Amino acid sequence: MGILRNSVIGIPVLVVVLFLVRVVLFKTGLIYTVKKWRRKMVDWFHVYQFYKVPEFNDNLQENQLYRRVYAYLNSLSSIENSDYTNLFAGRKSNEIILRLDRNQVIGDEFLGARVCWINGEDEEGSRSFVLKIRKADKRRILGSYLNHIHTVSEEIEQRSKEPKLFMNVVVSDEKKNGRWRSIPFTHPCTFENIAMEADLKEKVKSDLESFLKGKQFYSRLGRVWKRSYLLYGPSGTGKSSFVAAMASFLNYDVYDIDLSKVEDDSDLKMILLQTTCRSVIVIEDLDRFLSSKPTALSVSGVLNFTDGILSSCAADERIMVFTMTSKEQIDPAVLRPGRVDVHIHFPLCDFAAFKALASSYLGLKEHKLFPQVEGIFRNGASLSPAEIGELMIANRNSPSRALKSVINALQTDGDRRGTPATTRRLVHERTSSEDYEGDTSGPLCGGGSSPAAKEFKKLYGLLRLKSNKKSQSFNLARELRNGS
Ligand SMILES: Nc1ncnc2c1ncn2[C@@H]1O[C@H](COP(=O)(O)OP(=O)(O)OP(=O)(O)O)[C@@H](O)[C@H]1O
Ligand SMILES: [Mg+2]
């Protein structure tokens with residue numbers, strides 16, 4: 001009876017005491033001391049192995065693994081539990097970053113195993129990280145754990161990297177190295193700013209994302225890990241802006257190759273070999289270069305640059321982008337699949353694009369003048385997004401005035417786009433390109449230089465333009481083709 005009474009009173013008392021001890025441990029922070037003792041006890045019953053990652057190797061060169069471990073450890077959430085942590089201001093306002101202090105310990109878990117890292121520094125100031133791992137876990141996880149650190153730190157570096165814009169320069173013969181000069185790449189354009197069919201934007205984004213994840217896929221196929229895009233369309237339709245958007249989406253550096261500063265094919269090879277991985281390599285106005293060829297650089301030099309054996313020696317994970325006004329005159333071999341994987345057409349504005357511009361430049365979703373603008377577009381008038389954007393910026397304080405000036409410009413300049421002025425421009429491009437290609441076959445080219453044939457070419461150009469206008473409109477999704 002006494003025992004029963006004792007346990008009836010004793011158990012609740014014990015529960016209350018344990019609860020109070022727990023409250024005291026947590027409130028006072030003594031729990032961390034208890035945990036430390038418990039860890040020390042557990043350590044007594046395990047055999048550990050230590051791995052040191054020094055900051056510098058024997059030749060006093062930077063140990064890349066140290067840099068990776070540093071990035072990895074400082075990204076762990078358990079850094080907050082370390083006894084001593086440094087706080088720094090980040091790049092963005094209000095951003096605070098945590099950095100492990102020297103001789104501090106940080107724990108990590110991987111595949112069910114607990115490991116510890118010590119951020120060591122000796123009296124002489126040599127720094128290193130020391131990994132403490134149970135011998136029992138070492139064989140099971142060490143290899144994959146180091147691989148994991150590698151992958152995570154690479155991602156972190158990629159995310160925190162400040163992209164650069166590189167431009168090729170002409171240097172003297174003795175100094176063939178260092179052909180690139182760079183500045184921080186701070187172009188504000190993103191996919192969101194570009195007036196373009198939403199579906200197409202999504203397709204490009206997912207194409208880029210699947211490219212990023214495709215390392216194994218490309219190596220299994222024995223292909224160089226690169227992807228090339230052709231952006232073509234009239235001036236001011238957003239091709240260069242799109243390149244900037246691609247680069248900021250990927251957080252890649254941009255190498256903008258000015259072909260007029262490339263002496264010859266071997267010079268181009270040298271330039272390519274000096275690019276780094278994870279970059280967008282851009283050649284603007286390729287059609288203009290192909291038709292004028294101001295330097296000793298050959299067309300095959302440019303083609304080898306895109307798909308030759310040299311490509312495999314240069315840095316991996318590259319996006320190549322070519323821009324041009326029109327691809328009609330270009331030899332199909334230049335643009336064959338594999339050489340250029342994705343073609344994207346940038347047309348002049350249609351009403352949908354105009355509305356997207358009005359929304360981002362003027363904050364207008366609807367306006368009483370919209371039906372009139374739509375009617376003008378339907379009649380075939382058009383301007384480039386750059387022209388419309390400029391009018392909107394100039395009149396941004398008065399949306400109605402902005403729309404009226406767009407209507408006015410469409411009725412004057414825009415009208416000419418669908419009729420002789422544009423036609424002349426395109427026919428001229430067409431003719432000069434045919435001259436360059438020296439194509440003497442086909443229905444257009446019998447007696448290609450006679451005035452009658454020229455008239456026929458102009459007419460043909462006009463017909464092509466009209467049919468293109470219908471088919472191309474702003475339905476760009478069809479223009480996106482992957483590897484075909
Ligand atoms: N589709 C678009 N959406 C939003 N803005 C655009 C668009 N197209 C052009 N712009 C604006 O027009 C200006 C010129 O565009 P961009 O230089 O990208 O055209 P481009 O096609 O490269 O012209 P070019 O062939 O002459 O080099 C940029 O400031 C850009 O903001
Ligand atoms: Mg451009």
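Definitions and limits used
- Residues numbered from 1 in each chain as written.
- Chains lettered and ligands numbered in written order.
- Predicted model: local features only at pLDDT ≥ 70, side-chain atom pairs only at ≥ 80, totals over all residues.
- Heavy atoms only, no water.
- Pairing = 2+ DSSP bridges.
- Helix = DSSP H or I, 4+ residues; strand = E, 2+ residues; numbered from the N terminus.
- Axes fitted to C-alpha atoms, helices over the stretch in contact; angles between N-to-C directions.
- Contact = heavy atoms within 4.5 Å.
- Near = heavy atom within 4 Å.
- Polar contact = N/O pair within 3.5 Å; in protein donor to acceptor, adjacent residues only side chain to side chain.
- Areas by Shrake-Rupley, 256 points an atom, 1.4 Å probe, with all protein chains shown as cover.
- Nonpolar A, V, L, I, M, F, W, Y, C, P; charged D, E, K, R; others polar.
- Domains from an automatic or database assignment.
- Phe/Tyr/Trp six-rings, centres within 6.5 Å; stacked < 30°, edge-to-face > 60°.
- Buried < 20%, exposed > 50% of the residue type's maximum accessible area, 1.4 Å probe, protein only.
- pLDDT = per-residue confidence, 0-100.
- Salt bridge = Lys/Arg side-chain N within 4 Å of Asp/Glu carboxyl O.

Student: Help me understand the sheet that holds strand β10 (residues 253-257) in this model?
Tutor: Across a sheet, strands are paired by hydrogen bonds formed along the backbone, either parallel or antiparallel in direction. Taken in spatial order, the seven strands make up an open sheet running β8-β7-β10-β11-β12-β9-β13, and their pairing is mixed. Strands at the two margins of the open sheet, each flanked by one partner only, are β8 (180-184) and β13 (342-345). When strand polarity is set aside, the average angle formed by the axes of neighbouring strands in this sheet is 20°. Here strand β7 (residues 164-168) pairs with β8 via five bridges, running antiparallel. Note that in β8 the partner of Asn 168 across the bridge is Trp 180. Sitting on the sheet, helix α8 (residues 265-273) touches β7, β8, β10, β11 (279-283) and β12 (318-324), and the angle it makes with β10 is about 170°.

Student: Whenever I open this one, the site of ligand 1 confuses me. Can you help?
Tutor: Taken together, 15 residues form the shell around ligand 1, and within it Ala 195, Ser 235, Lys 239, Ser 240 and Ser 241 come nearest. At 2.9 Å, a backbone N or O of Gly 236 approaches an oxygen atom of ligand 1. In isolation ligand 1 offers 630 Å² of accessible surface; the protein chains occlude 72% of this area. Elements with a contribution of two residues or more to the shell around ligand 1: α7 (239-250), α12 (351-362) and α14 (385-394). Per element, the largest residue contribution to the shell around ligand 1 is three residues, and it comes from α7. Residue classes in the shell around ligand 1 are distributed as seven nonpolar, seven polar and one charged. Here the shell around ligand 1 spans two domains, and each of domain 2 (164-345) and domain 3 (351-417) adds at least three residues to it.

Student: In this structure, what is going on with the packing of aromatic side chains? I would like to understand it.
Tutor: Under the criterion given, the structure shown has 17 aromatic pairs. Ring plane angle 45° and centroid distance 5.9 Å describe the contact between Phe 211 and Trp 225, whose orientation is recorded as tilted. Here the residue Phe 211 occupies a position in helix α5 (residues 198-212), and Trp 225 occupies one in the loop between α6 (215-220) and β9 (226-232), the gap between them amounting to 14 residues. By relative accessible area, which is 1% here, Phe 211 ends up buried.

Student: Please clarify how the confidence of the model for the chain should be interpreted in this entry.
Tutor: Low-pLDDT stretches of the model should not have their predicted coordinates read in fine detail. Overall, the predicted model of the chain reaches an average pLDDT of 77, with 80% of residues at or above 70. Taken element by element, the chain is modelled with least confidence in helix α16 (residues 420-437), mean pLDDT 28, and with most confidence in α14, mean pLDDT 94. Counting interchain partners and residues more than four positions distant, the pLDDT-below-50 stretch residues 418-484 has 93 contacts. Model confidence for the complex: the whole-complex pTM is 0.62, and ipTM, which rates the interface, is 0.98.

Student: Whenever I open this one, the pattern of salt bridges confuses me. Can you help?
Tutor: Side-chain pairs of opposite charge can arise whenever the charged atoms involved come near each other. Summed over all chains, the structure comprises 15 salt bridges. Arg 278 is paired through a salt bridge with Glu 154; the nearest N and O atoms lie 3.6 Å apart. Placement of Arg 278 in the loop between α8 and β11 and of Glu 154 in helix α4 (residues 135-160) is noted, with a sequence separation of 124 residues between them. Since its relative accessible area comes to 17%, Arg 278 is described here as buried. By relative accessible area, Glu 154 is classed as partly exposed at 27%.

Student: Would you mind showing me how to read the sheet that holds strand β4 (residues 105-110) here?
Tutor: Taken together, the four strands give an open sheet; going across it, the order is β1-β6-β5-β4, and neighbouring strands pair in antiparallel fashion. One side of each edge strand has no neighbouring strand; the edge strands of this open sheet are β1 (48-54) and β4. Averaged over all adjacent pairs, the angle separating strand axes in this sheet is 25°, with direction ignored. In this structure, β4 lies alongside strand β5 (residues 113-121), joined through six bridges in antiparallel fashion. Paired with Ile 106 across the strands is Trp 117, a residue of β5.

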